[in-house]
Every structure is written in structure tokens, then in C-alpha cells.
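Observations on the model geometry
The chain contents come next:
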Amino acid sequence: MKRALVTGGSGGIGAAICKRLAKDGLHVIVHANRSLGKAAGVVAEIAAAGGSAEAVAFDVTDRPATATALAALLDAGSIQVLVNNAGIHADAVFPGMSGEQWDSVVDVSLNGFFNVTQPLTMPMIRTRWGRIITISSIAGITGNRGQVNYSAAKGALHAASKSLALELASRNVTVNAVAPGIIATDMIADAFDAETIKSIVPMKRAGRPEEVADLVAFLASEHAAYISGQVISINGAMI
Ligand code: NDP
């Protein structure tokens, strides 16, 4: 049974990805930072549906703690599917953006990508099969007012994924980014009301976490073996 690690599995999109990958027969490691209880809830749902999962918690910005946690997970077997999904936003127009707002967002999304992905790369290469899928954002493609920090971090993930895809192409390890538009989770609940969503999304609705999960599951599958180094949008025709 292949094992998948989904960072931010305690969040809206992450939980949907965990459940979908478990449905596809993977053992899923549901990761949390502060909300281990929510990750445990996702594990219970997966188990109730006949799937296999476990919960783990660490802060992806803490490099030593992340390395220790990943080493323990690797002791139990290789991790062949990695979904870098953990992310935060701390919005402010740029003249008013604090260093803390800049650092925190870059730390979770971009440094978190390094802290989690780097230790898993060599073990993945050894198994000659792997999938690295990173959840970025439409803001990393188009930019967004009030999100210079967030769009910078997400755009950097596109470049990092393309470079890593080149390095790993001959090892049967694919590396892609998924760039969602507006997806109905707690993260955007305060940011957009229904009318705003209707005015900016051509499909007149937010996407569902399950729709993102379906795309991630495809990229994680055997069917997507020849797709690598891509940024794939899922945004109801926003761009
Ligand atoms: P949520 O806020 O629901 O979930 C965020 C997840 O990230 C949580 O599981 C949280 O863990 C985890 N996380 C935050 N900080 C850390 C940290 N320091 N270390 C480890 N984990 C951390 O967000 P969504 O589900 O909406 O978003 C998931 C991803 O999708 C993010 O990368 C986001 O940028 C991206 N995205 C979301 C869009 C949307 O419209 N919702 C649109 C485009 C992209 P915990 O709660 O346990 O602390």
C-alpha cells in the first residue's frame, strides 16, 4: 500500500484530499499543526469508510522538528505521495505590511515546502516512484491586492516545482502545483460573501474542497505519470 503525507490535512482542502486519497487505496498520514484533534477526526472518518490513515502534528516552519517527525514516519516505510497543502495568509496592503506578516506567510508556504519536501526526496528517488503535489493559488499566477506576501510565496512554489520536476524527471517522480481560485473553506469564509463570489467567478460559485481533491488524486495516480513541472489551475474560469 502506497503512503501519502498531506500537510495541513486538518484544514478544509487538506481534509478533502486526505479522504479522497484514502478512497483510492493509499495509507494517508493526516498532518496538522495546532489542530491535531481535527486531523484525528479525519482519520476516524477514513477508518469508518474502510480506509487506512494516521494523524501526525508538527510545525512545518520548524525545520528540526519537521526533520524529526519525517524521520519517524520514514522508519515505518517510504512516503511516495507528498501533498504540500499547509498554508496561511496574512493580508495587508503593501505599505502597511509588517515584517511579521511577510515572514510568517513565506515561512509556512515556501520554507515549509523545503522543510517537508527535501527530506522526503531521496527516499522517494530510491523507490523509483513518487508524486509531489503542492497547493499554490491563483494569487501566485495573477497577483492579488493585499497579498504581496502570499502571492510571492505561492509564485515561488511554481518555480520551485518546475525546477524540482526537472531534477526528478528521470526518477519517475512527478512534481506539480495545483493553483485553486476561491474554494469554500474557513480560510476564505470571512474574505468573500456570496455576491462578491458571483461577481468575480465566471461560474458564479466557490469551488468545493472535494473538486480540488479530485484533481490532486488524479495527479497522484498512475494515470498522471507523464504530467510534471506543471501549474494546474482550478478556478471556475477566473483566468
Ligand atoms: P485552512 O485554513 O482550512 O487550512 C490550513 C492548514 O494549514 C491547516 O491544516 C493548518 O494546520 C495548516 N498550517 C498552517 N500553518 C501551519 C504550520 N506552521 N505548520 C503546519 N501546518 C500549518 O486552509 P485551506 O484548506 O483553505 O487551504 C489549504 C491550502 O490551499 C493553503 O495552502 C491555501 O493557501 C491554499 N488555497 C486555498 C484557497 C481557498 O480559497 N481556500 C485558494 C487558493 C489556495 P492547523 O489548523 O492544524 O494548525
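Residues numbered from 1 in each chain as written. Predicted model: local features only at pLDDT ≥ 70, side-chain atom pairs only at ≥ 80, totals over all residues. Heavy atoms only, no water.

1. What about the site of the ligand?
Ser-10, Asn-33, Arg-34, Tyr-150 and Thr-185 are the nearest of the 31 residues found near the ligand. Within the backbone of Asn-85, one N or O atom sits 2.8 Å away from an oxygen atom of the ligand. Between Tyr-150 and the ligand, the recorded distance is 2.6 Å, taken from a side-chain N or O atom to an oxygen atom. Out of a free accessible area of 900 Å², the ligand has 89% covered by protein chains. More than half of the atoms of the ligand fall within 2 Å of the grid points belonging to the largest pocket. Only helix H1 (12-23), strand E2 (27-32), helix H6 (148-168) and helix H7 (186-189) provide two or more residues apiece to the shell around the ligand. Here the residues of the shell around the ligand sort into 14 nonpolar, 14 polar and three charged. (Near = heavy atom within 4 Å. Polar contact = N/O pair within 3.5 Å; in protein donor to acceptor, adjacent residues only side chain to side chain. Areas by Shrake-Rupley, 256 points an atom, 1.4 Å probe, with all protein chains shown as cover. 1 Å grid on protein atoms, 1.4 Å probe; cavity = no way out; pocket = protein on both sides within 12 Å on 5 of 7 lines; lining within 4 Å. Sits in = over half its atoms within 2 Å of the grid points. Helix = DSSP H or I, 4+ residues; strand = E, 2+ residues; numbered from the N terminus. Nonpolar A, V, L, I, M, F, W, Y, C, P; charged D, E, K, R; others polar.)

2. Thoughts on the layout of surface pockets
Volume-wise, the largest pocket comes out at about 1400 Å³. The wall of the largest pocket is formed by 49 residues, among which Gly-87, Ile-88, His-89, Tyr-150 and Met-187 lie closest to the centre. Those elements that place two or more of their residues in the lining of the largest pocket are H1, E2, helix H4 (99-127), helix H5 (139-142), H6, H7 and helix H8 (194-200). Broken down by class, the residue content of the lining of the largest pocket amounts to 21 nonpolar, 22 polar and six charged. (Points joined across faces, edges and corners; volume = space filled by probe spheres on them.)

3. Focus: the packing of H1 against helix H9 (residues 209-220)
In contact at an axis separation of 8 Å, H1 and H9 are set at 50 degrees when each is read in the N-to-C sense. Relative to H9, H1 is oriented oblique. As for how H1 packs across H9, the hand of that crossing is right-handed. Residues Gly-12, Ile-13, Ala-16, Ile-17, Arg-20 and Leu-21 of H1 pack against Pro-209, Glu-210, Val-212, Ala-213, Asp-214, Val-216, Ala-217 and Ala-220 of H9. Classifying every residue of the contact of H1 with H9 gives ten nonpolar, one polar and three charged. (Axes fitted to C-alpha atoms, helices over the stretch in contact; angles between N-to-C directions. Parallel < 35°, antiparallel > 145°, perpendicular 65-115°, else oblique. Left-handed = near helix turned anticlockwise from the far one by under 90°. Contact = heavy atoms within 4.5 Å.)

4. Side note on unusual backbone geometry
Even without glycine at this site, Asn-172 takes up a positive phi of about 70 degrees. Inspection of the secondary structure assignment puts Asn-172 in the loop between H6 and strand E6 (173-180). Judged by its relative accessible area of 40%, Asn-172 is partly exposed. At Ala-237, a position not held by glycine, the phi torsion is positive, near 75 degrees. As for its placement among the helices and strands, Ala-237 is situated in the segment after strand E7 (231-234). (Buried < 20%, exposed > 50% of the residue type's maximum accessible area, 1.4 Å probe, protein only.)

5. Section: the nonpolar core
Taken as a class, soluble globular proteins show a tendency for nonpolar side chains to be buried jointly. Ranked by internal contacts, the top residues of the largest apolar core, which has 33 residues, are Ile-17, Leu-21 and Val-178. Of all the secondary structure elements, the ones that give two or more residues to this core are strand E1 (3-6), H1, E2, helix H2 (36-48), strand E4 (81-84), strand E5 (130-135) and H9. In this structure Ile-17 touches Val-6, Val-83, Asn-85, Ile-135, Ala-213 and Val-216, once residues within four positions along its chain are discounted. Val-56, Val-60, Ile-79 and Val-116 belong to the second largest nonpolar core, which has 24 residues in total. (Core = buried A, V, L, I, M, F, W, Y, C linked by side-chain atoms within 4.5 Å.)

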